[in-house]
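Structural overview for review
Okay, here's what each chain looks like letter by letter:
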Amino acid sequence: MKKFLVVIIGCIIGIIPNYAQSFTLKIGICDVEFNTLPTFDRTVEITKVKSYTYNDQTPAENIRLNVPETIEYKSHAYTVTSIARYAFDLCPPILYLPKTISYIGTIPFGNGLTNLIIDAENPYYRCIDGIVYNKTETEVVACLQNVKNAVLPNSIIAIRDSAFYGSSLETVVLPKKV
């Protein structure tokens, strides 16, 4: 009974996360929607880029989204750890993902994205020539839609469902193991 009361009181005062919250923040030129994740360590996932704005005089290198490692919402800091399915369906041409990203959902990127940069210190993912791999390069996670040709490394043993969905691939060279 005592443990039950502690959990109920913890949920009421916000010590223990009890439900997901959805909220939108301005990150650079983008309005980005986040969901809190049901964990004890205050993490969030990006659920979608709702819009982005720029004008004709905006330098091309500034038409980008730099996802931060942490965000602040209602006086709490949250670590950005996940990318939901279709999160970047609407996205500026350049996207930077921090080292804190530990999960990338299915079909995460849309037409507008032409350059993906994943922090070199990210222990989970890397992007090489527009193709996202897990860090050890044994799995293809996703492919940017502007990639025309791909030669997958010999270390690949798996290709995630829908990894090449919507891509412009004309040729793919697969390792013998796949």
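Quick note: structure is the one above.
Here's a quick rundown of the structure. The residue count restarts for each chain, going from 1 along the sequence in the order it is written. The predicted nature of this model means local features are confined to residues of pLDDT at least 70 and side-chain atom pairs, given and counted, to a pLDDT of 80 or more, with totals for whole chains, interfaces and linings taken over all residues. Side-chain numbers here rest on the full set of heavy atoms in the structure, without hydrogens or water.

Ring pairs (aromatic) are described by centroid distance and by the angle formed between their planes. Each Phe, Tyr or Trp ring (for Trp, its six-membered ring) is paired with any other whose centre lies within 6.5 Å, and the angle between the two planes then decides the class: stacked below 30 degrees, edge-to-face above 60, tilted in between. Taken as a whole and judged by the stated rule, the model has five aromatic pairs. An angle of 5° between the planes, with centres 3.7 Å apart, marks the rings of Phe23 and Tyr73 as stacked. Remark: Tyr73 occurs in strand S5 (residues 70-73) and Phe23 occurs in strand S1 (residues 22-27); sequence separation between them is 50 residues. When its relative accessible area of 5% is taken as the criterion, Phe23 is described as buried. The exposure class assigned to Tyr73 is buried, which follows from its relative accessible area of 17%. Aromatic side chains Tyr52 and Tyr54 sit 6.0 Å apart centroid to centroid with 10° between the ring planes, which places their arrangement in the stacked category. A connected cluster of aromatic rings, assembled from ring pairs, spans Phe23, Phe34, Tyr73 and Tyr78. Numbered from the N terminus, helices here are DSSP runs of H or I no shorter than four residues, and strands are runs of E no shorter than two. Categorising residues by exposure relies on relative accessible area from a 1.4 Å probe, with only protein chains included: less than 20% of the type maximum marks a residue as buried, more than 50% marks it as exposed, and the intermediate range marks it as partly exposed.

A word on the sheet that holds strand S7 (residues 94-97). By way of backbone hydrogen bonds, the strands of a sheet pair with one another, either parallel or antiparallel. Pairing between strands is defined by DSSP: at least two bridges between the two strands are required. Read across the open sheet, the three strands follow the order S4-S7-S9; overall the sheet is parallel. Edge positions in the open sheet fall to strand S4 (64-66) and strand S9 (115-118), since each of these has one partner strand only. Each neighbouring strand pair of the sheet contributes to a mean axis angle of 10°, computed without reference to strand direction. Where S4 meets S7, three bridges bridge the pair, whose relative direction is parallel. When the sheet's bridge partners are listed, Arg64 is paired in S7 with Ile94. Axis geometry follows a simple rule: fit a line to the C-alpha atoms, using only the stretch in contact for helices, then measure angles between N-to-C directions, giving values from 0 to 180 degrees.

Our next topic: empty space enclosed by the protein. Buriedness of a pocket was judged along seven lines, with at least five required to meet protein on both sides within 12 Å; pockets are open sets of points on a 1 Å grid over the protein atoms alone, cavities are sets where a 1.4 Å probe fits but cannot get out, and lining residues have an atom within 4 Å of a point. Grid points are joined across faces, edges and corners, and a volume is the space filled by probe spheres set on the points. This structure, assessed with the given rule, holds one cavity of 30 Å³ or more. As a volume, the largest cavity reaches approximately 50 Å³. Surrounding the largest cavity, Ile107, Pro108, Phe109, Ala142, Cys143, Gln145, Ser162, Ala163 and Tyr165 form its lining.

Okay, the nonpolar core next. Counting residues in hydrophobic clusters, the biggest one holds 43 residues, and the most contacted among them are Phe34, Phe88, Leu95 and Leu97. The element best represented in this core is strand S12 (residues 139-143), accounting for four residues. Residue contacts are defined here by distance: any two heavy atoms, one from each residue, within 4.5 Å place the two residues in contact. What Leu95 contacts, discounting residues up to four positions off in sequence, is Leu65, Val67, Phe88, Phe109, Leu113, Asn115, Leu116 and Ile117. By nonpolar core we mean a set of buried residues, namely Ala, Val, Leu, Ile, Met, Phe, Trp, Tyr and Cys, connected to one another through side-chain atoms within 4.5 Å.

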